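Inside the fold
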Amino acid sequence: MTSILSRRPHGNRRVSKGRHPSSRIAPDGRGPRRRAGRRGSLFLLLLVAIISLSLIGLVMVLSASSVTALQTYGDSWYFFRRQALWMGVGAIALFVTSNIHYRFWARLATPILVSSFVMLLLVLIPGVGRNLNGSSRWLAVYKLSFQPSEFVKFALVVFVAELLSRPGRPMSNTRLTLNPVLFVLAIAVLLLLLEPDLGTAIILGFIVMMMLVAAGASGLHLAGLATAGSVFVALAAASSGYRRRRVFAFIDPWADPLD
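Report on the accompanying structure. (Residues numbered from 1 in each chain as written. Predicted model: local features only at pLDDT ≥ 70, side-chain atom pairs only at ≥ 80, totals over all residues. Heavy atoms only, no water.)

Turning to the pattern of salt bridges, a few remarks are in order. When the charged atoms of two side chains with opposite charge come close together, those side chains can pair. The full count for this structure, using the stated rule, is four salt bridges. Glu-150 is the partner of Lys-153 in a salt bridge, and the nearest nitrogen-oxygen pair spans 3.3 Å. Here Lys-153 pairs with Glu-150, and both are found in helix H6 (residues 148–164), just three residues apart, close to one helical turn. For Glu-150, a relative accessible area of 42% puts it in the partly exposed group. Across the salt bridge formed by Arg-166 and Glu-162, the nearest N and O atoms sit 2.9 Å from each other. A relative accessible area of 29% places Arg-166 in the partly exposed class. Among the residues examined, Glu-162 registers a relative accessible area of 18% and is labelled buried. (Salt bridge = Lys/Arg side-chain N within 4 Å of Asp/Glu carboxyl O. Helix = DSSP H or I, 4+ residues; strand = E, 2+ residues; numbered from the N terminus. Buried < 20%, exposed > 50% of the residue type's maximum accessible area, 1.4 Å probe, protein only.)

So, about the side chain of Glu-195. Position of Glu-195 relative to the elements: it lies in the loop between helix H7 (178–193) and helix H8 (198–215). Within the buried core, Glu-195 has no salt-bridge partner, and the shortest N-O distance to an opposite charge, that of Arg-137, equals 4.4 Å. Once you skip the residues sitting within four places of it in the chain, Glu-195 turns out to touch Leu-120, Val-123, Leu-124, Gly-134, Ser-135, Ser-136 and Arg-137. (Lys, Arg positive; Asp, Glu negative; His and termini not counted. Contact = heavy atoms within 4.5 Å.)

This is the structure in structure tokens:
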């Protein structure tokens, strides 16, 4: 009798101190806790894609610029080396940021977004932003020039991800999810069109659309956004002469082969 009573029921296993099953759940309750330092398969897939695209781009830069670099600088590898240098800087930045916890970026989501909008406004101020070929897209700090629109891409991703991941914000509640995302996107697109930079505005639209898909937005909302975005791009392209020429250049590609 004693041996029977002392025997534990099947499946009633002892849980060691400090190893309660709930400790294997992430603090935010959104899935299992991954051991520190471990990378998931999705991270590795993205890393391989980034490296592959970067190397392909490096080869394309050499292929497209070697002749011009030789004629201008006497060195066919001039632009290739510059691209490789910045690729190395980007790799260091990738390593550093990938080891920063996402909650750090979540806390800074709004300040980063506001800062990016301020920089987009600065490029429109004569004497502050650099005007090149009729577009004001650059800011110069000493001898270093950069495009704030590149910073906006990162800022928008961080802000939208933080907004859509907040607890108690189901995608069915468009007032708390879809509407603020579209409002922020509209501000970014407006500032980019003032430069003007329609290409980056289109890229931002695609980025936000994919994030909404990942967040579980309804098919009806996504279809409406895709339709509205297509109409907007068509009107924006038709409203400018140089954009129309770009769109219809395929009809007669040899009309101006040197431009």
